[in-house]
Amino acid sequence: MTDTLKALLNPDLFKKEPIFTEPLKEPKKGEKVYSLSTKEIVSIRALRGAVVDLHPGMGGIAPDKLISMINEGIELTSLDYMLTRGCNFECQWCFANSGPRQSEYLPFRMIRSITEEARDLGTSLFILTGGEPLLYKDPELGKQKGVRDHFFRVVEMIINVYACKGKKPKLLTFDDVALITPEVAKRFRDYEVGLCTKGDTLIPELQDFLVNQPGAFQRMQRGYENLIAAGYGKNPNLRLVVNSVLNHATFDSMLDLHMWVMENGFDHSIVPIHYCGGAESKEQEAGIHSPHVKVLYDLISRIDKEKFGIAWTPRSAFTYNKTCNRNRSGLHIRANGDVTACSESPGRDTTERYTFGNVFNKNFSLENIVKGKKLRAYRKEFAKGYGTYVCSPEVCDLYANNLCQGGCATRSAYSKVDTNTGLLTQNPNLHNYSEKREDPLCPAWTVLALKQGILREGLLEIIHARLLERSRRISITDFPFEENAR
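Rules of the game
- Residues numbered from 1 in each chain as written.
- Predicted model: local features only at pLDDT ≥ 70, side-chain atom pairs only at ≥ 80, totals over all residues.
- Heavy atoms only, no water.
- Helix = DSSP H or I, 4+ residues; strand = E, 2+ residues; numbered from the N terminus.
- Rg over C-alpha atoms; globule rule 2.2 N^0.38 Å.
- Buried < 20%, exposed > 50% of the residue type's maximum accessible area, 1.4 Å probe, protein only.
- Contact = heavy atoms within 4.5 Å.
- Lys, Arg positive; Asp, Glu negative; His and termini not counted.
- Charge placed at Lys NZ, Arg CZ, Asp CG, Glu CD.
- Pairing = 2+ DSSP bridges.
- Disulfide = S-S within 2.5 Å.
- Axes fitted to C-alpha atoms, helices over the stretch in contact; angles between N-to-C directions.
- Parallel < 35°, antiparallel > 145°, perpendicular 65-115°, else oblique.
- Nonpolar A, V, L, I, M, F, W, Y, C, P; charged D, E, K, R; others polar.
- Salt bridge = Lys/Arg side-chain N within 4 Å of Asp/Glu carboxyl O.
- Core = buried A, V, L, I, M, F, W, Y, C linked by side-chain atoms within 4.5 Å.
- Phe/Tyr/Trp six-rings, centres within 6.5 Å; stacked < 30°, edge-to-face > 60°.
- Lys NZ or Arg CZ within 6 Å of the ring centre and 35° of its normal.
- Right-handed = clockwise from strand over helix to strand, strands pointing away.

Caption draft 1: Summary view of the overall build of the protein. Of regular secondary structure, the protein possesses 17 helices and 11 strands. Scaling as 2.2 N^0.38, a compact globule of 486 residues should have a C-alpha radius of gyration of about 23 Å, and the protein matches this with 22 Å. Split into buried and exposed, the 486 residues of the protein put 60% on the buried side. Here the analysis covers contacts within the protein between residues at least 6 apart in sequence; of these, 72% occur between residues at least 24 apart. Taken as two groups, the 64 positive and 59 negative side-chain charges of the protein have centres that lie 5 Å from each other.

Caption draft 2: Molecular detail of the pairing of strand β1 (residues 78-82). Of all 5 residues making up β1, 5 are buried, and the element is well covered by its neighbours. In β1, alternate side chains face the same way, and those of Ser 78, Asp 80 and Met 82 on one face and Leu 79 and Tyr 81 on the other are all buried. Taken together, the 5 bridges between β1 and strand β2 (residues 125-129) define a ladder with parallel strand orientation. Pairing of Met 82 across the sheet is with Thr 129, part of β2. Judged from the 4 bridges that link them, β1 and strand β7 (residues 330-333) form a sheet pairing that is parallel. Bridge pairing in β7 places Asp 80 opposite His 332.

Caption draft 3: Up close: the state of the cysteines. For the coordinates displayed, the defined rule picks out 0 disulfides. Take Cys 404: it sits in no disulfide, and the sulfur closest to it among the cysteines is that of Cys 391, at 5.9 Å.

Caption draft 4: Examining the packing of helix α7 (residues 204-211) against helix α8 (residues 216-230) more closely. Where α7 meets α8, the axes come as close as 7 Å, and the angle between the chain directions of the two elements is 100°. Judged by the inter-axis angle, α7 sits roughly perpendicular to α8. In this structure, α7 contributes Pro 204, Gln 207, Asp 208 and Val 211 to the contact, and α8 contributes Ala 216, Phe 217, Gln 218 and Met 220. When its residues are assigned to classes, the contact of α7 with α8 shows 5 nonpolar, 2 polar and 1 charged.

Caption draft 5: Representation of the pattern of salt bridges in the model. The full count for this structure, using the stated rule, is 23 salt bridges. One salt bridge in this structure joins Asp 397 and Lys 32, with 2.9 Å as the shortest N-O distance. Pair noted here: Asp 397 is in helix α14 (residues 397-400) and Lys 32 is in the loop between α1 (3-9) and α2 (38-48), with a separation of 365 residues, a long-range link. If you follow the salt bridges from partner to partner, you end up with Asp 252, Arg 466, Glu 469 and Arg 470 in one network.

Caption draft 6: Looking closely at the nonpolar core. Tyr 81, Phe 188, Leu 227, Leu 296, Leu 331 and Leu 366 are the most contacted members of the largest nonpolar core, which totals 123 residues. Per element, the largest residue contribution to this core is 8 residues, and it comes from helix α5 (residues 149-163). Excluding residues within four positions of it along the chain, Tyr 81 makes contact with Leu 106, Ile 111, Ile 114, Thr 115, Phe 126, Ile 127, Leu 128, Thr 129, Ile 158 and Ile 333. One finds Leu 210, Val 211, Ala 216 and Ala 249 within the second-largest nonpolar core, a separate group that totals 17 residues.

Caption draft 7: Quick look at the packing of aromatic side chains. Inspection of every chain in the model, using the stated rule, returns 19 aromatic pairs. Between Phe 126 and Tyr 162 the ring centres are 5.6 Å apart and the planes differ by 85°, which places this aromatic pair in the edge-to-face class. Here Phe 126, found in strand β2, pairs with Tyr 162, found in helix α5; they are 36 residues apart in sequence, far enough to count as distant. A residue is classified by how much of its surface remains accessible, and Phe 126, at 0% relative accessible area, is buried. Ring centres of Phe 152 and Tyr 191 lie 6.2 Å apart, and the angle between their planes is 20°; this geometry places the pair in the stacked category. One end of the pair, Phe 152, is in helix α5; the other, Tyr 191, is in helix α6 (residues 182-191), and 39 residues separate them in sequence. Taken together, Tyr 354, Phe 356, Tyr 378, Phe 382 and Tyr 433 form an aromatic cluster joined through their ring pairs. The cationic tip of Arg 153 hangs over the ring face of Phe 108; the distance from NZ or CZ to the ring centre is 6.0 Å.

Caption draft 8: Looking closely at the side chain of Thr 115. Position of Thr 115 relative to the elements: it lies in helix α4 (residues 108-120). Not counting residues up to four positions away in its chain, the partners in contact with Thr 115 are Tyr 81, Phe 126, Met 157, Ile 158, Val 161 and Tyr 162.

Caption draft 9: Geometry of the pairing of strand β5 (residues 240-246). In terms of burial, β5 is a largely internal element, 7 of the 7 residues being buried. Residues of β5 alternate between two faces, with Leu 240, Val 242, Ser 244 and Leu 246 on one and Val 241, Asn 243 and Val 245 on the opposite face, all of them buried. Across 4 bridges, strand β4 (residues 194-198) lies against β5 in parallel orientation. Counted as the bridge partner of Thr 197 is Val 242 from β5. With 6 bridges joining them, β5 and strand β6 (residues 267-272) adopt parallel strand pairing. Each residue of the ladder has a partner; that of Ser 244, found in β6, is Ile 270. Chirality of the crossover, the property in question, places the unit of β5, helix α9 (residues 254-263) and β6 among those that are right-handed.

Here you go:
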């Protein structure tokens, strides 16, 4: 390991000094974290609907559109297939424990049968995930006829299943980009597949380390070049969002990555790391806290307005105030066959509560799952599972207007805010996934602390200066700290 990489992996981002000078108090009745005007609500909805179906968790869908679909009787609006646990990378924080040695996969014939059921239930969006979905291989399909043939046979099958009924589904694939050749990029283009791709930093050595593969960054960049040549980033029908993990090591270079993403015509989704997957055993991974997210998003919103003409005010735990919609009406099928609320919800190894069936069971029926008592009860519980500090309709107008339902449920399950110190800590209660759900990395925690006058003096200014001192693209003279951004 080089000295440069050692410095990147140990940036002394946060010394675990308390963020709060006093314990955080529960908001009093009528006290709000965010009070939104009608104009602001309309503006957020407009931006949410601008890029349909991209961000993870269906975050690109305008919530009023989704609610309208549910009210029309569509009980399953989206379906995820974790095609395989096999992956060419071994990411340090991987929640699914994917990697080159993993072999679980969903059989093609089973995917086709479930897709036919989903079509008849009104499902309109399919999300293909892994592992690395391009590595999908089913021996029953025989020898692959062309590059990544088995994966594209799944894509083609879904399209054909809908075409025979005169319908057209939306398709989104999560991909790490490193396997995208010019041929693969053209096939994505021809099927108009939306892409959610990996990209955590522009520092080659750091990206290689994070995915545990020498040369990964260069392969990923070639993949992006092939996608750009195929029209992604330029053709409005070919949407691509770069999905970036924000941790203690990627924080300092995230502004420069954002500039690269936007200049290429892509969309940017930032996922703050927490105690989940591989990150659980790495204490240093919990170096990101609510103030870091707030300062970063405040800066990105100012950059977006000045350089790219996109106006938004950061409030939620996701860029552009997007949020996870999956738990309202979607399902995820894991490579082991489990049908779950989402790709990262607590599994059967910890609790049976969020697993609704298994596709390998002899009498499996997707319709029975969707209309079953367990899933219906869960969705009702989830809808009312708000917290007490920041994630509730009583204190947050994002929540009250169906623009957010508590941020990321997985972060709520595995991580929480220590209300005495403000620091992120590991959560022992996995059922906070659906009960008293509060995303610990939402900027709202910092906003509430500011309102109560307990945020450590000068903390936001320090974080702001750090980001700009380490940026090669953005100058602190162009974007000085703004008091009103607090």
